[in-house]
Amino acid sequence: MKRKIIDAIIEKIIFVCGILAIVFVVLIFGFLLKEGLGFFQDFGIIKFIAGKFWYPSSSPAQFGILPLIMGSLLVTVGACVIAVPIGVMAALYISEIAPKGVKDVLKSIVELMAAIPSVVIGFVGLVTLVPLVRTLFDVPTGLTAFSGSIMLAFMAMPTIVTISEDAIRSVPWSYKEGALALGATKWQTLRRIVLKAAMPGIIAAVMLGIGRVIGETMAVMMITGNAAQIPGSIFEPVRTMTATIAAEMGETVRGGIHYKALFGIGLVLFVITFLVNFVADLFLGKSKNK
Amino acid sequence: MIKLSPKLSQKLSYTLLFCATILAIVPVVVVIFIIIKNGASAITWEFLTSMPKDGMRAGGILPAILGTLSIVLCAISITLPIGVCAAIYLNEYAKDNMLTRIINLAIVNLAGVPSVVYGLFGLGIFVMFLKLGVSIIAGALTLSIMELPVIITTSRGALRSVPYSFREASLSLGVSRWQTIRYIVLPNALPGILTGAILSIARISGETAPILFTAAAFYVPHLPSSVFDQVMALPYHLYIIATQIPNMPKNIIFGTALVLLMMVLTMSLIAIVARLYFRKKRKW
């Protein structure tokens, strides 16, 4: 009898832990909303999203996050242009072409990148990549969106490679056998059959990579130059939404308008990453149902 | 466009894919090489065990190492039991219904929230609302929520890998569901859960953004003595000396980066080796 009661209590605790994930998502959203909403009422949501100037400490203060959104967007697009083709090609090579013994080694090295703290990557970028970009492209500063894109591309690589590799590997053998039996070369089979069948998984990998890039903070803050202006080209300094929060939260008055504005940015980031991950999850489900 | 023979086009494409793989790997090797090459000379016993001096431009990084260790240990001891219980619920109890689907969506979403947004949340709820102040505990709680989805996912994988027949055998003997989980499923899943936990420790040791406004201090002249202390932390310290302090000696920055990198890589390596070892030892 006593055992039954103990079991019942433990099972209740386990259930509570189970639904805790939901509680936290709601709490995070709620807290961001609570701080952000007051700001939207005071300042106006349209002026916030579409405002071209981010001057939080001038008077009157300007809290337009368009330059920050553009900064995040530019760096993210730049990173994708580099990381997606390289990542997908590497995933194809690792899963289908690499000799058996090397396969796991290659995969482990790519995954190692994910283990390196972003602040370390940022620092290495600062001492190597930034001066290189400055001399190579003859620009006044190497702290540009371009440098940030390269660094972020490396950081998204493990996500894109691992998940694409999973998707490519899980394409049924019979698909390949069918194509090869019809006389297609191995490459033709890979390109026309395997790649196509693995597409939902690859799209999910890219989405998750994008999610990672948008949310990256430290490395981006260290190498993109932190200029809150609408960038004219990829060789100009930019400031992302994440970097703005990280750089400015330390100096704000707790509970003040600037503090609330930063929560507003957090809310925008939360919504964007929610959508990106939601879509990624849909594609991931699609690729697993095969 | 010239039409290549299928053979030649295969050869060219394979070369291209090979080059892409090299491109994906080289940065990792380069980053690790640069840090080790430039940082190794800074690592001395004194560097690891003394306080910073001259506005961090000399001396050691002991308080930052201890600060990071205390935040991380605190965080993992909060998140591991909760995460494992959640994994048990999802793998052993949950039915395929709406609630389970919402939980799964919540986990996916939590995993995708940017680390700096966790920092904001931690500031809002732990530092301000619960009045814990900027402290080890506030930082640890923030990191523990951030790491929860990872712990749940890895633990769930470990539980799932325990064959269903084990549970059936136990249940058919009249053992209750919880007893079966406690004495049959959990012990068999433990290696997988623990390797996941070590990987998580490695990951949160390097996180900077979530502790930026919840735990980390620019400089604290004494070592941490309680969980309500503000502390120095290794990743934040690296950020500060790499970007905020003028005329910082380069070898101290590289040395700090090397210590952080080694901490993280050693733990990751232990987890990977342990995983291989347990996989080999597994009886099923």
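Residues numbered from 1 in each chain as written. Chains lettered and ligands numbered in written order. Predicted model: local features only at pLDDT ≥ 70, side-chain atom pairs only at ≥ 80, totals over all residues. Heavy atoms only, no water.

Chain B is annotated in an unreviewed UniProt entry as Phosphate transport system permease protein PstA from Endomicrobium proavitum. What the UniProt record of chain B gives under Subcellular location (unreviewed entry) is the line "Cell membrane". For the record of chain B, the UniProt heading Sequence similarities (unreviewed entry) holds the text "Belongs to the binding-protein-dependent transport system permease family. CysTW subfamily." (UniProt positions renumbered as here; feature names shortened; annotations may be inferred.)

An unreviewed UniProt entry annotates chain A as Phosphate transport system permease protein originating from Endomicrobium proavitum. Listed under Function (unreviewed entry) in UniProt, the entry text for chain A is "Part of the binding-protein-dependent transport system for phosphate; probably responsible for the translocation of the substrate across the membrane." The Sequence similarities (unreviewed entry) comment attached to chain A in UniProt states, word for word, "Belongs to the binding-protein-dependent transport system permease family. CysTW subfamily."

What is the right way to look at the overall build of chain A in this model?
Tallying secondary structure elements over chain A gives twelve helices and two strands in all. In chain A, the succession of α and β elements from N to C terminus is α-α-β-β-α-α-α-α-α-α-α-α-α-α. In chain A, which comprises 290 residues, the proportion classed as buried is 53%. (Helix = DSSP H or I, 4+ residues; strand = E, 2+ residues; numbered from the N terminus. Buried < 20%, exposed > 50% of the residue type's maximum accessible area, 1.4 Å probe, protein only.)

Even after reading the chapter, I still don't get the UniProt feature "transmembrane region" (unreviewed entry) in chain A, so can you show me in this structure?
All names here are of chain A. Within this structure's numbering, the places UniProt gives as "transmembrane region" (unreviewed entry) are residues 12-33, 65-94, 115-137, 143-163, 193-214 and 261-284. In residues 12-33, helix accounts for 100% and strand for 0%; the two terminal C-alpha atoms are 31 Å from one another. In residues 261-284, the share of helix is 100% and the share of strand is 0%. The end C-alpha atoms are 34 Å apart.

Hey, could you run me through helix 4 (residues 100-115) of chain A in this one?
The α-helix winds at 3.6 residues per turn, so residues separated by three or four positions along the chain end up facing the same way. Taking 1.5 Å as the rise per residue, helix 4 of chain A with 16 residues should run 22 Å; its terminal C-alpha atoms sit 24 Å apart, in good agreement. Residues of helix 4 of chain A that are buried: Leu106, Lys107, Val110, Met113 and Ala115 of chain A. Elements that come into contact with the buried residues of helix 4 of chain A comprise helix 3 (66-97), helix 5 (118-137) and helix 6 (145-169) of chain A together with helix 1 (6-39) and helix 11 (250-281) of chain B. (Expected span 1.5 Å × (residues − 1). Contact = heavy atoms within 4.5 Å.)

Quick question: what am I supposed to make of the environment of Thr252 of chain A here?
Residue and element names in this part refer to chain A. Checked against the element boundaries, Thr252 lands in the loop between helix 11 (241-248) and helix 12 (257-288). A residue is classified by how much of its surface remains accessible, and Thr252, at 10% relative accessible area, is buried. Remark: the alpha-carbon pair of Thr252 and Ile19, spanning 233 residues in sequence, is separated by 35 Å. Setting aside residues up to four positions removed in sequence, Thr252 forms contacts with His258, Tyr259 and Leu262.

Whenever I open this one, the domain arrangement of chain A confuses me. Can you help?
Often, the extent of an interface is quoted as the loss of accessible area upon association of its parts. All names here are of chain A. We note that the domain assignment places domain 1 (1-43) and domain 2 (54-288) within chain A. Each of domain 1 and domain 2 has a C-alpha centre, and the two are 30 Å apart. Taken together, both faces of the contact between domain 1 and domain 2 bury some 1100 Å²; the carbon and sulfur share is 85%. Where domain 1 meets domain 2, there are zero salt bridges. The interface formed by domain 1 and domain 2 includes zero residue pairs in polar contact (both at pLDDT 80 or more). (Domains from an automatic or database assignment. Buried area = accessible area lost by both parts, 1.4 Å probe. Salt bridge = Lys/Arg side-chain N within 4 Å of Asp/Glu carboxyl O. Polar contact = N/O pair within 3.5 Å; in protein donor to acceptor, adjacent residues only side chain to side chain.)

Sorry, what's going on with the UniProt feature "transmembrane region" (unreviewed entry) in chain B here?
The UniProt record annotates "transmembrane region" (unreviewed entry) at residues 12-36, 61-90, 102-130, 136-159, 180-202 and 252-278 of chain B. Structurally, residues 12-36 of chain B is divided into 100% helix and 0% strand, and its ends, taken at the C-alpha atoms, are 36 Å apart.

What am I meant to see in the environment of Leu23 of chain B here?
Locating Leu23 of chain B in the fold gives a position in helix 1. Along the primary structure Leu23 of chain B and Ile184 of chain B are separated by 161 residues, whereas in three dimensions their C-alpha atoms are 45 Å apart.

Help me understand the pattern of salt bridges in this model?
Two side chains with opposite charge may pair up if their charged atoms get near one another. Under the criterion given, the structure shown has ten salt bridges over all chains. Asp166 of chain A is the salt-bridge partner of Arg169 of chain A, the closest N and O atoms lying 2.7 Å from each other. A residue pair is termed a helical-turn pair when its members lie 3 or 4 positions apart in one helix, as Arg169 of chain A and Asp166 of chain A do in helix 6 at three residues. The residue Arg167 of chain B makes a salt bridge to Glu92 of chain B at a minimum N-O spacing of 2.8 Å. One end of the pair, Arg167 of chain B, is in helix 7 (residues 164-172); the other, Glu92 of chain B, is in helix 3 (residues 62-93), with 75 residues separating them in the sequence. The residues Arg167 of chain B and Glu92 of chain B share a single accessibility class, namely buried. The network of salt bridges with shared partners includes Lys107, Glu165, Asp166 and Arg169 of chain A.

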